[in-house]
Every structure is written in structure tokens, then in C-alpha cells.
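Close look at the chain arrangement
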Amino acid sequence: MKNIGSLVIYLSAYSMSIGISLIYQKYGYQKKGNRLTKFVFMLLIILPVVIMQGSRYLVGTDYRSYAIIFDRVAAGNVYELESYASEPLYLLEIRILSALFGHYIWFFVVNAVVESMLMFSLFDFFQNTISMPLAYMAYYSIVQPFFMNAERQGVAMTIVWFSMKYFVRKDFIKFVLCIIAAGCMHNTAFFFVLLYALHLVRRLKTAGIWEFMAVSLLLIFSISPDTVMAYAADIVSVFPQYIVYFGGYKGEISMAWVLPVLFVIPCLFNVRSTAIRNSSYNTVWLYLYLVNISLVLLSGTVNQAFRFALYFNIAVILLIPMTLVSMKLEGNKRIFLCGYVFLFLSYYIILYFVVESSQVYPYRSIWTERVMQWN
């Protein structure tokens, strides 16, 4: 079968990472407080995927574009420097890596390391209330292959997701600083700072009313963005310039982004027991999930809305393994786990292997290419 060797490479890397995370969580290594032990396990968990992701060659839709931009920025190309002036962290990364190593391949290696370390830190933070292997499986099957296409947004998304542990701790200064850093890598990340507004609203005595109004407006906007923008334009004169942007795009809502939203539906029937039994459960995950739904609906009307929706996939990635841990009966847990393993595996194979989304197939490595050049 076409690309079957590449499929084996990907699934082997993912399986090794998931398997080691199972050992890490099942035997309590994460609870012993030994930093060296935790560091070693972190390396063991992330290395298979880092090696696979970092040593790839011409894998991912925009791989070649990133390589060209790297060389141009390193050479001081004025056009590229001006184009990405609003994303200074991206330019800084290129300048540093160019000065240290001189080759664009290190851009992909460093991004793979950063993404993997941040995801480990996030999952480790929720270690007692999620199934880490299932969380990794959700991450690897839904979004990680997309990161091999959208390099900058991949780093920005993992920084945003990492910041959620500060949001949960109510350390909002660090949370906002993380969002700013992510936005300096890819401007779409600034959108996530609106989550801080949720915290401010929930501190008010009238929080319930404001939350109801926000949810209602979000749903109305999702269903009819043109109407909302036209109404806003009658009130604020500056809005008409944005109507074209919101109403001028007529596309299709991709099932690739609808399905992860649907994956969470079985968990919603267990929301009450999850909230009671899981100390990490917070209604904020449901708000993120709701925003995810709204942005997916908007993707048929608003160009690139799916890129914003991806940030809120963290609700999918955490709610499902959080629900598993919250279930009481072992039989139900087994059925739940087997069902989601099947869903995640099927989703990955169909979207990335069969449909070839993000063009991560076939897999090629820098080592293979160098051998071919030598020959």
C-alpha cells in the first residue's frame, strides 16, 4: 500500500511516546518528586516524536516556504523582515538559530523540542486528573501532524495551551505573558487573551447574566455573522471595513474540524460526575469547547476561522482523558477507552494518511536525503 512505510514510522514514534507516558503515570514516577527522574522520563516520552518531527525533510505543506523564509531573514531580506515585523519572536528565533547553526533544519528541530516539552509540562500538571496516554493520543491524532505544516502556529498553540496551567492556578500575570509570547510567534494567539475577560466577568456578582449574554451572542454570531456585523456597522462607523472580510468568504465547513468537536459529546453526558470527582474540572473547559464549536461553524463564512478554532481544541484534548479518570466502573472505563482509541486512530488514518491533509505523507528524513545526495 502507498506510504505504508511512512505510516509505520509515524505510528511507531507515537506509540513509543504514548507507551512511555503510560509507564510514567501508571507506576507513579511523576509523583515521587525526583526532578532527575521526571526529566529522564520527559526525554523518553518526547524523543521519539522530536526525532521524527525534527529530522523530516520536505514534509508538511509549508516546509519549503519556511526554509526559504529562514534563509531570507538570516540574510537580512528587508521584505521578509517587514512582513513579519508584528511577530518578532519568530524573527528572533531565526536570527539566533542562523547565528548558531546556519541551517534552516534547526528551525524545525527546535520547534519540535519546544512543542513537545510544553505539551509534556501541561499534561504533567494535570497528571492526577487525566489519563496522560489518552491525552497524548488525542494530541498526536488531531493536531500534531498539522504542526508539521503550520510551524509558527504550532509553537504559538502549545505556548497558549501551556499557559492554561497558570490560568487554572489564577496566576494571570504569567498567563497573559505567555499569550503575548505566543502572539509574537503567530498573531492569531492574541485572540486567546479574551479568556482573561472570562475570569474578570466571573468575579462579578452578575456573572451569570453576563455569561448568558456572552454565550447567546457567540451562538448568534456563529449562525449569522453577516447580520451581526451589519448591525454593528450601523452603530460604530469603523466597522464597515470589516464586513467585507466577514461576509466576502463563502467556503465549506471542513469535517476535519467538526469531528473533534463531536468527539466530546459522549463526555457531556458525564459532566456532572466529572465535575464532582475531578479536581481539575472547571467550567472553563466547557466555555473553551463552546468557542471551539462557534469558530468551527464560522469557518464556512469567515476565512481562516479554523485557525482560531484550533487553539480551543485543548478542550477536546483534556476533557476526554479527564472524563475517563472520573468514571467509577472499570467496565465503563474500558469501553470508553477502547472507543476513543478507535476514534482517534481512525481520525488520524483518514485525515492524514488517506486524505493526506497537511502533506505529511510520504515521510522523508534528512538522513535519507543526504545518503541519496552522496550516492
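Relevant structure appears above.
Here is a short report on the structure shown in this document. (Residues numbered from 1 in each chain as written. Predicted model: local features only at pLDDT ≥ 70, side-chain atom pairs only at ≥ 80, totals over all residues. Heavy atoms only, no water.)

Moving on, we come to the overall build of the chain. Looking only at helices and strands, the chain has 22 helices and zero strands in total. Looking at the chain alone, contacts between residues at least 24 apart form 75% of all its contacts between residues at least 6 apart. When the accessible surface of the chain is split by element, carbon and sulfur atoms take 67% of a total near 18300 Å². (Helix = DSSP H or I, 4+ residues; strand = E, 2+ residues; numbered from the N terminus. Contact = heavy atoms within 4.5 Å. Areas by Shrake-Rupley, 256 points an atom, 1.4 Å probe, with all protein chains shown as cover.)

A cluster of nonpolar side chains, namely Met-255, Leu-259, Leu-262, Ile-265, Leu-268 and Phe-269, defines an oily patch on the protein surface of about 570 Å² accessible area. When contributions to the nonpolar patch are tallied by element, the ones reaching two or more residues are helix H15 (255-263) and helix H16 (265-268). The element contributing the most residues to the nonpolar patch is H15, with three residues. One can find Leu-259 in helix H15. For Leu-259, a relative accessible area of 30% corresponds to the partly exposed category. (Patch = residues over 30% accessible without salt bridge, like charges linked within 9 Å, V, L, I, M, F, W, Y side chains within 5 Å. Salt bridge = Lys/Arg side-chain N within 4 Å of Asp/Glu carboxyl O. Buried < 20%, exposed > 50% of the residue type's maximum accessible area, 1.4 Å probe, protein only.)

In this model helix H9 (residues 151-169) runs 29 Å from its N-terminal to its C-terminal C-alpha over 19 residues, within 8% of the 27 Å that 1.5 Å per residue would give. Burial runs high along H9: 17 of the 19 residues are buried. (Expected span 1.5 Å × (residues − 1).)

Quick look at the layout of surface pockets now. Its boundaries defined by the atoms lining it, the second largest pocket holds a volume of some 340 Å³. Along its surface, the second largest pocket is lined by 15 residues, and Leu-22, Ser-131, Pro-133, Leu-324 and Leu-337 are the ones closest to its centre. Of all elements in the fold, only helix H1 (4-26), helix H7 (132-142), helix H20 (314-326) and helix H21 (330-354) reach the threshold of two or more residues within the lining of the second largest pocket. When grouped by side-chain class, the residues that make up the lining of the second largest pocket number ten nonpolar, two polar and three charged. (1 Å grid on protein atoms, 1.4 Å probe; cavity = no way out; pocket = protein on both sides within 12 Å on 5 of 7 lines; lining within 4 Å. Points joined across faces, edges and corners; volume = space filled by probe spheres on them. Nonpolar A, V, L, I, M, F, W, Y, C, P; charged D, E, K, R; others polar.)

Let us look at the packing of aromatic side chains. Counted under the stated rule, the structure contains 38 aromatic pairs. Centroid distance Phe-123 to Tyr-136: 4.8 Å. Interplanar angle 80 degrees. Geometry classified as edge-to-face. Of this pair, Phe-123 sits in helix H6 (residues 105-125) while Tyr-136 is found in helix H7, placing the two residues 13 residues apart along the sequence. A relative accessible area of 0% places Phe-123 in the buried class. A centroid spacing of 5.8 Å and a plane angle of 40 degrees characterise the contact between Tyr-340 and Phe-344, whose relative ring orientation is tilted. Taken together, the residues Tyr-340 and Phe-344, both in helix H21 and four residues apart, mark about one turn of the helix. In this pair, the class of Tyr-340 matches that of Phe-344, namely buried. Its guanidinium or amino end placed over the ring of Tyr-90, Arg-152 lies 5.2 Å from that ring's centre, counting from NZ or CZ. (Phe/Tyr/Trp six-rings, centres within 6.5 Å; stacked < 30°, edge-to-face > 60°. Lys NZ or Arg CZ within 6 Å of the ring centre and 35° of its normal.)

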